[in-house]
Amino acid sequence: MVYPRLIPCVLLKNGLIVRSERFETHQVIGNPIQTISRLSSWNVDELFLIDISTEDYHDLRRDDLHVRYQGSSALDVLQEIAKICFMPLSFGGRVRSLEDISRILKAGADKVSLNSAALASPDLVSEAAREFGNQATVVTIDTRRLEDGRYEVFADAGRTATGRDPVDWAREAADLGAGEIVIQAIHRDGSAEGYDIELVSRIVNAVDVPVIALGGAGRYQDFPPAFEAGVSGAAAANIFNFFELSYGMAKKHCTEAGIRLRESKLESAWSPREPKYAPGDASARIEARLEAARTGDFPAARQTRPTQTVSWCTECVYSSLSATPMAFDENGVCMGCKTAAARSEIPAEEWTRREALLKDLLERYKSRDGMRPDCVIAVSGGKDSWFQTHYIKNVLGYNPLLITYNGNNYTDVGWRNLLRMKEVFDVDHIIYSPRVDVLKKLNRLAFKIMGDMNWHAHVGINTVPVRLAVQLGIPLVIWGEHGYMDLCGQFAMTDFPEMSYRYRLEHFGRGYDWNYFLGLEDLETKDLIAWQYPRDQEMFDLDLRGIYLGNYVDWDANQHTQQMVEEYGFEVSPDPFDRTYRRMSNLDDMHENGVHDYLKYVKFGYGRCTDHCCKDIRSGKLSRGQAIELVNHYDPVRPRDLYRWLDYAEMSEEEFDRIADTFRDPRVWWKDADGNWQRTRLEP
């Protein structure tokens with residue numbers, strides 16, 4: 001029996017996956033390797049990869065990731081993807097000739113999708129079918145519904161109207177030899193409004209070849225209507241970036257709706273979830289880093305001026321060379337500013353609706369018999385933790401369990417705030433404290449491998465609460481705001497993204513999971529339990545959800561902090577930080593605002609003061625001119641806590657500087673004639 005297919009679609013733009021909305025807005029999700037590896041481990045039916053770049057240049061933007069491309073063309077990226085893609089792979093985007101098709105198939109694709117080139121030269125379809133076979137020849141039809149209700153085919157990524165009817169073009173493409181038709185609704189792209197079933201049905205009824213629906217799926221319940229309309233495959237992009245175990249959950253939804261699909265296992269022996277690192281990779285990378293530090297031979301040190309330029313958002317002070325996955329619109333406005341503006345326009349009744357959604361979730365997952373807490377709240381003891389607990393316990397009336405990862409770097413005031421939460425809110429609280437000797441080893445290793453000693457904290461904070469929630473049988477974990485959504489507008493406010501393994505590995509771990517450190521400084525599996533995520537099957541069976549409170553509550557960190565101070569006695573830092581003007585953030589880790597942040601400055605040319613300024617510009621508390629003065633004052637400051645960390649990690653200051661310098665990005669740093677570091681910076 002040939003089962004209909006559920007097909008994840010990955011949109012590639014200049015080397016990174018993007019979230020798309022009506023072909024106009026593109027927000028960077030991350031790199032394709034981690035996502036496609038995850039899809040491979042789920043044994044998905046098929047993958048559709050579309051390169052929507054306007055130029056054939058692909059770049060991961062960062063040097064501290066485990067993933068690296070050998071080359072910068074789409075074919076280079078495709079070859080890397082083919083190594084970890086264990087399902088049928090279709091590739092589309094800027095395919096213009098038989099030679100292009102040949103190169104794409106040789107690079108690892110099983111099918112090639114033609115779009116604008118086929119509209120311009122329909123014979124290309126028949127020639128491709130003759131040369132490579134119907135099964136390898138796909139035609140994608142980008143269609144927009146017009147105001148008068150008619151449908152029209154568009155070319156050039158939705159920019160050029162063709163005057164053609166999609167049904168006529170689908171019939172012609174099939175007659176020319178296309179083995180499959182992908183019908184994409186531009187007007188539903190990224191809308192989460194579901195597929196345009198009328199359009200899909202017209203195409204299905206017009207041709208005898210398989211039809212794939214694309215555009216509009218935003219919830220699992222959007223898939224069954226497409227299958228019921230007769231498609232051979234339902235494809236979707238954004239939704240598979242939003243939720244944990246999204247593919248398995250989507251198939252479960254379809255099965256429950258009576259749609260028979262091929263069974264897909266959650267765990268694959270051929271493509272395990274944790275990355276399979278090449279033997280010796282870690283030792284080789286560390287040795288290469290130390291050799292560059294000894295010799296002073298690395299990209300930024302070799303140039304007198306950057307060959308590539310950076311630009312800045314025209315509204316805030318973020319640059320295009322950002323530690324966060326940043327994108328800009330055609331007017332130079334960053335997605336962080338656009339998302340903040342969209343958030344500010346959400347009316348009160350929508351926040352009321354969102355609160356009702358949150359209550360529904362809490363009611364669905366709460367303990368029925370009182371034998372366990374209703375939910376887990378992941379807390380560091382900071383201002384957001386206090387607000388989360390206040391809201392869930394004292395406003396909504398549920399019984400949370402607080403869980404904390406203790407990275408051994410608390411400030412005095414941060415530690416006091418953490419310990420007081422149990423009494424202030426009358427809740428149970430688990431504090432998980434890994435061994436200090438293990439933490440010291442991870443500090444040293446992560447600094448040398450990725451230029452960030454706080455890998456243990458980023459991954460630990462996002463692992464321990466999930467792991468303990470599974471062990472205790474608590475299916476709902478609540479986090480504060482979604483960091484990247486707030487900083488760089490990674491998602492839209494309508495997406496409701498949730499915590500996932502892929503997000504943890506890619507953005508908090510930079511592609512380095514716990515097993516990367518095995519054997520280094522004699523670390524064993526038993527030493528790294530705090531960083532081991534629960535198995536997929538365990539999370540699936542529990543129906544585990546990791547939600548962000550910021551999706552349901554009008555989030556204003558400044559206002560919330562003031563409220564926590566006045567109502568509960570939350571303490572802000574009595575002393576100013578070296579590298580930012582705020583005193584209420586990152587009290588749980590003295591290095592977050594200090595040497596950890598200084599390393600971000602060394603890498604990208606900016607620090608946490610920039611983060612804080614961007615937030616305060618968007619909330620109307622700072623002008624852009626005031627922000628530029630602040631970031632140019634605070635971002636370069638060398639913090640005093642560096643010396644605590646050097647003593648803690650048993651490293652000399654000279655060794656620290658030599659290794660840190662190797663992470664300087666050549667797009668922003670260079671050495672002048674006297675051998676001093678210079679950077680491109682934002683001027684008033």
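Data block above holds the structure.
Remember, predicted model here, so these are calculated numbers, not experimental data. (Residues numbered from 1 in each chain as written. Predicted model: local features only at pLDDT ≥ 70, side-chain atom pairs only at ≥ 80, totals over all residues. Heavy atoms only, no water.)

(A) Quick look at the overall build of the protein chain. What the protein chain contains, in helices and strands, is 26 helices and 19 strands. For 684 residues, the compact-globule estimate of 2.2 N^0.38 gives 26 Å, and the C-alpha radius of gyration of the protein chain, at 26 Å, lies within 12% of that figure. The dimensions of the protein chain, computed from C-alpha atoms along their principal axes, are 75 × 70 × 50 Å. When each of the 684 residues of the protein chain is scored for burial, the buried share is 62%. Long-range pairs, those at least 24 residues apart, make up 73% of the contacts in the protein chain with a sequence separation of at least 6. Each charge sign in the protein chain was given a centre, from 81 positive and 103 negative side chains, and these centres are 2 Å apart. (Helix = DSSP H or I, 4+ residues; strand = E, 2+ residues; numbered from the N terminus. Rg over C-alpha atoms; globule rule 2.2 N^0.38 Å. Buried < 20%, exposed > 50% of the residue type's maximum accessible area, 1.4 Å probe, protein only. Contact = heavy atoms within 4.5 Å. Lys, Arg positive; Asp, Glu negative; His and termini not counted. Charge placed at Lys NZ, Arg CZ, Asp CG, Glu CD.)

(B) Here's a closer look at helix H23 (residues 608–618). Where burial is concerned, most of H23 is hidden: nine out of the eleven residues are buried. If you check which residues of H23 are buried, you get Arg608, Cys609, Thr610, Asp611, His612, Cys613, Cys614, Asp616 and Ile617. Just downstream of H23, Gly620 is the residue with a positive phi angle, here 80°.

(C) Region of the structure containing the sheet that holds strand E13 (residues 375–378). On the basis of which strands lie adjacent, the open sheet formed by five strands has the order E15-E14-E13-E16-E17 and parallel pairing. With one partner strand each, in any of the chains shown, strand E15 (428–432) and strand E17 (545–548) form the two edges of the open sheet. In this sheet, adjacent strand axes meet at a mean angle of 25° when their direction is disregarded. Inspection of the sheet shows strand E14 (residues 400–405) paired to E15 by five bridges, in the parallel sense. Paired with Leu401 across the bridge in E15 is Asp428. Along the sheet, helix H14 (residues 412–425) makes contact with E14 and E15, crossing E15 at roughly 155°. (Pairing = 2+ DSSP bridges. Axes fitted to C-alpha atoms, helices over the stretch in contact; angles between N-to-C directions.)

(D) Expanded view of the packing of aromatic side chains. All told, the structure shown has 30 aromatic pairs when counted by the stated rule. Between the aromatic rings of Trp455 and Phe517, the centroid separation amounts to 4.5 Å while the plane-to-plane angle is 45°, which identifies the pairing as tilted. One end of the pair, Trp455, is in helix H16 (residues 455–461); the other, Phe517, is in the loop between helix H19 (501–508) and helix H20 (536–542), with 62 residues separating them in the sequence. Of the two residues, Trp455 and Phe517, neither departs from the other in class, the shared state being buried. Taking the centre distance of 6.5 Å and the plane angle of 45° together, the rings of Phe604 and Tyr606 count as tilted. In this structure, Phe604 and Tyr606 share a single accessibility class: buried. One aromatic cluster is present, built from ring pairs that chain together Tyr277, Trp455, Tyr512, Tyr516 and Phe517. One Lys or Arg, Arg273, reaches over the ring of Tyr501 and ends 4.4 Å from the middle of that ring. Stacked on the ring of Trp670, the Lys or Arg Arg305 has its end atom at 3.9 Å from the ring centre. (Phe/Tyr/Trp six-rings, centres within 6.5 Å; stacked < 30°, edge-to-face > 60°. Lys NZ or Arg CZ within 6 Å of the ring centre and 35° of its normal.)

(E) Quick peek at the state of the cysteines. Tallying each qualifying case throughout the model produces zero disulfides. Lacking any disulfide linkage, Cys609 is separated from the closest cysteine sulfur, that of Cys613, by 3.9 Å. (Disulfide = S-S within 2.5 Å.)

(F) Region of the structure containing the environment of Asn462. Within the element layout of this structure, Asn462 appears in the loop between H16 and helix H17 (464–472). Between the C-alpha atom of Asn462 and that of Ser500, which follows or precedes it by 38 residues, the distance is 9.3 Å. Those residues in contact with Asn462 that sit more than four places away from it in its chain are Trp479, Met499, Arg504, Phe508 and Tyr533.

(G) Spotlight on the nonpolar core. In terms of nonpolar packing, the biggest core is built from 198 residues, with Phe223, Phe517, Trp531, Trp645 and Phe656 touching the most fellow members. Tallying contributions element by element places helix H15 (residues 436–450) first for this core, with eight residues. The residues touching Phe517, leaving out its near neighbours within four places in the chain, are Leu442, Leu445, Ala446, Ile449, Met450, Trp455, Leu523 and Leu528. In terms of nonpolar packing, the next biggest core, distinct from the first, is built from 32 residues, Leu361, Leu396, Leu549 and Phe570 among them. (Core = buried A, V, L, I, M, F, W, Y, C linked by side-chain atoms within 4.5 Å.)

(H) How the structure looks around the pairing of strand E12 (residues 233–236). Taking every second residue as pointing to the same face, both faces of E12 are buried, with Gly233 and Ala235 on one and Ala234 and Ala236 on the other. Inspection of the sheet shows strand E1 (residues 5–13) paired to E12 by four bridges, in the parallel sense. Considered in E12, the bridge of Pro8 is made with Ala236. Direction of pairing for strand E11 (residues 211–214) relative to E12: parallel, over a ladder of three bridges. Looking at the pairing, Ile212 lines up with Gly233 of E12.

Just geometry here; none of it tells us what the structure is for.
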